[in-house]
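Observations on the three-dimensional arrangement
Residue strings, one per chain:
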Amino acid sequence: MPYRDDNAAAGRANGNAGPGGVRLPAVVPPLLLLLLLLLPQGGWPGRVAGAFSCSAWAAQEAAHGRQERELPGSVGKPAVADAGADGLAPDAPALRIGLLTTYPPLSYMVEGVPAGFARDLADAMARSAGQRAVFDADDSGMSLQGKLAVGDLDVLSLVAETPERLQRLEFSEPAVVMAERIYVRRDSTARPRGVADLAGMLVAVVENHASHQYLRGMPGQRLLPVATPLDAVMAVAWGRADALVAPGPVVEHIIRRLSTEAPLESSGVPLRTLRYSFGVAKGNTHLVAVINEALHRLRASDEYDILYRRWFGGNALSRYSDRELLLAGAAVMLLMVFVGASLMLLWRTVRLRRDVEAGTVATREARASMLREAISRQRAEQEAERFFALSLDPVAIVTQQGALRRVNPAWERLFGYPAEETVGQPFLDFVHPDDAQASQRVMGGGTVDAVIENRFRCKDGVYRWLSWTFVALPEEGLVYASGRDVTQRKEAELHLERQAEELRRSNAELEQFAYIASHDLQEPLRKIASFLDLLAKRYVGRLDSDADEFIGFAVDAARRMKDMIEDLLAYSRVSTQGREFADTDMETVLDTVLSDLGLMLDEAGVTVERGPLPLIRADRVQMEQLLRNLVGNAVKYRSHAVPRISVSAERAGGAWRFLVSDNGIGMKAEHFERIFRVFQRLHGPGRYPGTGIGLAVCKKIVERHGGGIDVESAPGRGSTFRFVIPDRPDSPDRPDRPDWPERQDG
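Predicted, not measured: the structure shown is a model, and the values here were computed from it.

Considerations on the sheet that holds strand β26 (residues 719–726)
- With mixed pairing, five strands are arranged side by side in an open sheet as β21-β23-β24-β26-β25. In this open sheet, the two strands that pair with only one neighbour each are β21 (607–610) and β25 (709–713). Taking the axes of each pair of neighbouring strands and ignoring which way they run, one obtains an average angle of 15° across the sheet.
- In the sheet, β21 pairs with strand β23 (residues 644–651) via four bridges, with the strands oriented parallel. Across the sheet, E609 pairs through a bridge with S646, a residue of β23.
- The sheet strands contacting helix α21 (residues 620–636) are β23, β24 (655–662) and β26, and the helix crosses β26 at an angle near 170°.
- Strand contacts of helix α22 (residues 694–704): β25 and β26, with the helix running at about 25° to β26, the strand carrying the most contacts.

Given below as structure tokens:
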């Protein structure tokens, strides 16, 4: 897998061509490259062109290498820029610059001559500073740093800034910035995205370079130090290492210039950003200032951008000068014009001959096409006529003035009108007067496709419900109307509406009866209870034991009857005496409930856990009653464990779901619906007090707010009551009840 590079040859060709002339070898590669792009990539043309292009580059590099080696005084000496060609005086001071030769495209060797972005930028920087660059190329960075330390070198070209080097060197402003990346084989299942992901993997790094210094300080890293970036790429490609860490442009440059494809790819985002600067001996700030000033002048001109595009431009054309690209483009354009003119002349000749031969054929085909269109139109009309006649639904054609123009047989069968009695009559004359205005708006609105339901008069005077679909064709001035008999459906809907109204009226009467019954029973029950209490106080102990027991039964029954009537009255008041909905802070509601039940909670040793509660639209008094019943039940039906009650809320679509949980005795799933019915109890009155109406009141309160309530429980595992309150519940129904009596206390 040999490595080749084209940038060096292109750079020397651009630098040695001179301002007035263009060498043929410098023009040939762009032409060959453009032809290679035009040729197919597969097959023998692409392979031949590619081989020929590579041969041309190789020949050019060899020629330039020989020219440079034949320069007088170049054997065994550091490379020096040509005297006079760079615009410097012959006695210009020399700037000794160290180059690392193993880091393409920054710096590397081509047939014994240094090349790369670091070499060209260092030469341009020296010229901008009025000094002549003298290069000392070495494949060991440590050797170059040693020469700088003893004074054999003045500058190191483009060295990565690391903490270790900052202690020994002074650095200029960054000349170029490159991202450090992780590369793995394409067929590798590992995709490390950071240093932590490299743990356990064998990582190839260039010895003593920035990546090596960075990773060897990290714990758990297995490193394979190699001499050059090319060796690191080969180590991963051949499976000797699992991954490599190096600057991205360096690795991409090597991969692109291998003679065979390297199965490597970047595994993710960059690890970090490396700054490459000119390095000088520690303390030599004067030379750093000179280098920074020279870099500023290069950036202010176009020279820095030209060098950067040449080595990092990302495409082959950026390696050549504008003059070379212009000449190559002109040659290709002339070739394309000649080929295009030839093809145009050939095409016009063939087309003229074909038009002459096809004249008679076109005439015959035009006639045949007209005949086919006529037959197709006739078939379409026949199919439409067949559909019109065979449709089971009434279909009519109506003019824009609303008159019936044509009706189908189904119309005659359904409505009983013969066609001759219908045609010419206004469509709206058959529509029920209550529906005529809406039907007229739909028919005259110009809507292309509209649907409406109305009552249509039959010949016997009976109205039937029809669902009409109107399709308007303004260009023809007609409206097509297709109806569907929906009389049975409408009658069923009306029947359901009447039943619903009867049910609502019946429920209202039942609520009124319950309210009146519970209210009117208060007074006689109060008297019974009072006399029984008086009887118990005066005669308990004075009669026999059976009489005392009977009096106790009567007092207890009267008390339970009083509780049931009061609970029934509270149940009826949910609908009859509810307040208008308003903004209600459930946090404040819960505070009020916990304050009211404070003594009960303290006696039972209950721990109440609460989450954030929202602001909702509700009846505040009923929300307090709802939470008071749920929290009171949680205390009443507690187990032997330390009682815990949790109250929280969560979003559920367009509503809030509230949860009241406890660790009480729980219940079986078969009782989940029963507990929300009136006077339904799971335990006898002697074990737990109450009438069994509390949860029924909770359900009625939630339903009045447009929500629902359910429970999730298991014996011995506690219960969780969940109720949902919509964000915008419908306004509560408050029936007018001037004749409903109010409760008279006292």
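Let's pick the thread back up.
Topic: the nonpolar core
- Of all hydrophobic cores here, the largest spans 66 residues; its most connected members are L106, F117, L158, L244 and F278.
- The greatest single-element share of this core, amounting to seven residues, is contributed by helix α4 (residues 117–128).
- Judged by nonpolar contacts, the second largest core, of 39 residues, contains L597, I645, M667 and I709.

Observations regarding the side chain of D435
- Relative to the helices and strands, D435 resides in helix α15 (residues 433–444).
- Ignoring sequence-local partners within four residues, the contact set of D435 consists of N454, R455 and W465.

Some details on a nonpolar patch on the surface
- Together, L335, F338, V339 and L343 make up a nonpolar patch on the protein surface, roughly 410 Å² of accessible area in all.
- Tracing the backbone through its elements, the reader meets F338 in helix α12 (residues 322–390).

Regarding helix α8 (residues 229–237)
- Along α8, seven of the nine residues are buried, which leaves the element largely enclosed by surrounding structure.
- Considered for burial, the residues of α8 that qualify are P229, A232, V233, M234, A235, V236 and A237.
- Downstream of α8 by a residue or two, G239 has a phi angle that is positive, lying close to 85°.

Structural notes on the packing of aromatic side chains
- All told, the structure shown has 20 aromatic pairs when counted by the stated rule.
- Taking 6.5 Å as the distance between ring centres and 55° as the angle between the ring planes, the aromatic pair formed by W411 and F427 counts as tilted. On the criterion of sequence distance, the pair formed by W411 in helix α13 (residues 409–415) and F427 in the loop between α14 (419–422) and α15 is long-range, its members being 16 residues apart.
- Centre to centre, the rings of F430 and F456 are 5.6 Å apart; their planes meet at 15°, and the pair counts as stacked. Note that F430 is positioned in the loop between α14 and α15 and F456 in strand β17 (residues 449–457), a separation of 26 residues in sequence. By the burial criterion, F430 is buried, and F456 matches it.
- An aromatic cluster of three or more residues is present, and its members are W411, F415, Y417, F427, F430, F456, W468 and F470.
- The aromatic ring of Y214 is capped on one face by R272, whose charged end is 4.0 Å from the ring centroid.
- A cation over a ring is seen here: R299 above Y304, with NZ or CZ 4.9 Å from the ring centre.

What about the environment of A115?
- Structurally, the position occupied by A115 is in strand β5 (residues 113–115).
- For A115, a relative accessible area of 7% corresponds to the buried category.
- Considering only alpha carbons, one finds A115 and A137, 22 residues apart in sequence, at a separation of 9.9 Å.

Description of the packing of α21 against α22
- It is at 9 Å that the axes of α21 and α22 come closest, and there the two elements cross at 145°. Crossing geometry of α21 relative to α22 is assigned as left-handed. Facing Q622, M623, Q625, L626, N629, L630 and N633 of α21, the residues of α22 in contact are G694, L695, V697, C698, I701, V702 and R704.
- Residue composition of the contact of α21 with α22, by class: eight nonpolar, five polar and one charged.

Rules behind the numbers
- Residues numbered from 1 in each chain as written.
- Predicted model: local features only at pLDDT ≥ 70, side-chain atom pairs only at ≥ 80, totals over all residues.
- Heavy atoms only, no water.
- Pairing = 2+ DSSP bridges.
- Helix = DSSP H or I, 4+ residues; strand = E, 2+ residues; numbered from the N terminus.
- Axes fitted to C-alpha atoms, helices over the stretch in contact; angles between N-to-C directions.
- Contact = heavy atoms within 4.5 Å.
- Core = buried A, V, L, I, M, F, W, Y, C linked by side-chain atoms within 4.5 Å.
- Buried < 20%, exposed > 50% of the residue type's maximum accessible area, 1.4 Å probe, protein only.
- Patch = residues over 30% accessible without salt bridge, like charges linked within 9 Å, V, L, I, M, F, W, Y side chains within 5 Å.
- Areas by Shrake-Rupley, 256 points an atom, 1.4 Å probe, with all protein chains shown as cover.
- Salt bridge = Lys/Arg side-chain N within 4 Å of Asp/Glu carboxyl O.
- Phe/Tyr/Trp six-rings, centres within 6.5 Å; stacked < 30°, edge-to-face > 60°.
- Lys NZ or Arg CZ within 6 Å of the ring centre and 35° of its normal.
- Left-handed = near helix turned anticlockwise from the far one by under 90°.
- Nonpolar A, V, L, I, M, F, W, Y, C, P; charged D, E, K, R; others polar.

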